[in-house]
Amino acid sequence: MGWVISITGLHFIFTWAGLFNTYIYSMDYKILTRAGANPGPAHGPPLSAWIPPPQLLAVERRSNSVQVKAAADSITESSDDESFVSKFKDTLVLALLFGLWILFNIYFNIYNKQVLKVFPYPATVTAAQFAVGTVFVILMWTSNLYKRPKITGAQLVAILPLAVVHALGNLFTNMSLGKVSVSFTHTIKAMEPFFSVLLSAMFLGEVPNIWIISSLIPIVGGVGLASMTEASFNWAGFWSAMASNLTNQSRNVLSKKLMVKKEESMDNITLFSVITIMSFILSAPVSIFMEGVKFTPSFLQSAGLNVNQVYTWSFIAALCYHAYQQVSYMILQRVSPVTHSVGNCVKRVVVIVTSVLFFRTPVSPINSLGTGVALAGVFLYSRVTSTKPKTV
């Protein structure tokens, strides 16, 4: 009895559904007829009208696949756009860092030279520059601008020789700047690759190939040609710049030989910050021993100097010195050493040209030729070392 009722109920439902569908279809038929359309037979749609044909299913499948492919292409394009934006930002930041590196270096050399012209005490100037750098590092660590490192005793022992040669390198540079022109000091400092090759061969066993040796010839020849025709030439300034080359490249060699363990290593910026503090601790007593206490207002006034002007110039020079060194290490973390070397060559060219224009340094054609040949040799050296085969 129950199944009879169920069949009757289902029959009733389907009957009323069919009547309702016929009614709706007839209403649509009347409306379309009045509008002048040809809707087809007035009775309800055939059963085939409710079942989509195979062609329609194929079209729908193709449409779905096209939509999926379009969505995938959209995701890929979005990823490419994000990658392009990221690369563009990195390139922009790198260009900004190179610009700041050159700008800080220009200001350092100009203000430092002006200080040394009226205050001929390079050891005191060197200690003051490390003092400003030390204050800057402490402020950077205490304000959490950069993470304060945890330094071990083994690291300090390893860094100490680096701090010694770093302090000597800056001292000799200031001694040279106080004796000769800025352009001539930087022309002599273009011989850094020569000392790098020499010290690496002596202490690291790195034998240079014929191409590296060939690139050193124009460097040495250019510096010699510029020295012969330099208007401000004197031997104290020349040998001070040479000693600066020797100590700076010794720092690079020592950093390879006295490297701390890998698990205890620190990044370049932290390493330079620690070296700056240690250099100040080393240079302060040396400056007092060599030159006495010469940086007091009373001494500057007795020497007939403008105290505020000397202090201002010294502070700007010290700040720019620390800033360009920090930026240099930031660049080195982003690019290869070869790219950094090429950038350093470009920086030296800009500093030489700027100093010649600012101080109106007399330059002869032969002097210009010698400087150009030396800098071209530095560029060739950087390119040759980039293609040097790695030793196994």
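Residues numbered from 1 in each chain as written. Predicted model: local features only at pLDDT ≥ 70, side-chain atom pairs only at ≥ 80, totals over all residues. Heavy atoms only, no water.

Visitor: Break down unusual backbone geometry for me, citing the residues and quoting the values.
Guide: Most of the time, phi is negative for any residue but glycine, and the peptide bond is trans. You will see that N144, though not glycine, has its phi angle at about 60°, which is positive. With respect to the secondary-structure elements, N144 resides in the loop between α3 (122-142) and α4 (153-179). What makes N144 exposed here is its relative accessible area of 67%. One non-glycine residue, R360, adopts positive backbone phi at about 55°. For R360, a relative accessible area of 73% corresponds to the exposed category. (Helix = DSSP H or I, 4+ residues; strand = E, 2+ residues; numbered from the N terminus. Buried < 20%, exposed > 50% of the residue type's maximum accessible area, 1.4 Å probe, protein only.)

Visitor: Describe a nonpolar patch on the surface, naming the residues involved and giving the relevant values.
Guide: Together, F84, V85, F88 and L92 make up an exposed nonpolar region whose accessible area comes to about 430 Å². Structurally, L92 can be placed in helix α2 (residues 54-118). A residue is classified by how much of its surface remains accessible, and L92, at 53% relative accessible area, is exposed. (Patch = residues over 30% accessible without salt bridge, like charges linked within 9 Å, V, L, I, M, F, W, Y side chains within 5 Å. Areas by Shrake-Rupley, 256 points an atom, 1.4 Å probe, with all protein chains shown as cover. Salt bridge = Lys/Arg side-chain N within 4 Å of Asp/Glu carboxyl O.)

Visitor: Describe the packing of α3 against helix α11 (residues 307-334), and please don't skip the residues or the numbers.
Guide: α11 packs onto α3 with a crossing angle of 60° between their chain directions and a minimal axis gap of 8 Å. Looking at the two axes, α3 sits oblique to α11. As for how α3 packs across α11, the hand of that crossing is right-handed. Facing A128, Q129, F130, V132, G133, F136, V137 and M140 of α3, the residues of α11 in contact are F315, A318, L319, Y321, H322 and Q326. Of the residues that constitute the contact of α3 with α11, the class distribution is 10 nonpolar, 4 polar and no charged. (Axes fitted to C-alpha atoms, helices over the stretch in contact; angles between N-to-C directions. Parallel < 35°, antiparallel > 145°, perpendicular 65-115°, else oblique. Left-handed = near helix turned anticlockwise from the far one by under 90°. Contact = heavy atoms within 4.5 Å. Nonpolar A, V, L, I, M, F, W, Y, C, P; charged D, E, K, R; others polar.)

Visitor: Please provide a residue-by-residue account of helix α6 (residues 192-204), values included.
Guide: The first and last C-alpha atoms of α6 sit 17 Å apart over 13 residues, in line with the 18 Å expected at 1.5 Å per residue. Within α6, burial applies to E192, P193, F195, S196, V197, L199 and S200. Looking one or two places after α6, you find G205, whose phi comes out positive at around 75°. (Expected span 1.5 Å × (residues − 1).)

Visitor: Lay out the pattern of salt bridges with the relevant residues and their values.
Guide: Should the charged atoms of two oppositely charged side chains come close, the side chains can pair. Applying the stated criterion across every chain, the model contains 2 salt bridges. Taking the shortest distance from any N to any O, the salt bridge between K189 and E192 comes out at 3.8 Å. Put simply, E192 and R348 hold a salt bridge, and the shortest N to O gap is 3.7 Å. Of the two residues, E192 is situated in helix α6 and R348 in helix α12 (residues 337-359); the sequence distance between them amounts to 156 residues. The pair E192 / R348 is uniform in exposure class, with both members buried.

Visitor: Hey, could you go over the nonpolar core for me, with residue numbers and the actual values?
Guide: In this structure, W101, F108, F119, L300 and I331 are the most contacted members of the largest nonpolar core, which totals 29 residues. Put simply, the parts of the chain that give this core at least two residues each are α2, α3, α4 and α11. Dropping the residues within four chain positions of it, L300 is found in contact with F119, K294, F295, L305, V307, V310 and Y311. Core analysis: the second largest hydrophobic core is formed by 22 residues, F184, I212, M242 and C345 among them. (Core = buried A, V, L, I, M, F, W, Y, C linked by side-chain atoms within 4.5 Å.)

Visitor: Run through the confidence of the model for the chain, naming residues and quoting values.
Guide: With 74% of its residues at a pLDDT of 70 or more, the chain has an overall mean of 79. By mean pLDDT, helix α1 (residues 2-34) is the weakest element of the chain at 43, and α3 is the strongest at 94. For the stretch residues 1-39, pLDDT sits under 50, and the model shows 15 contacts to residues farther than four places along the chain or on other chains. Low pLDDT (under 50) marks residues 47-51, which in the prediction has 2 contacts with non-local residues, meaning those over four places away or in another chain. (pLDDT = per-residue confidence, 0-100.)

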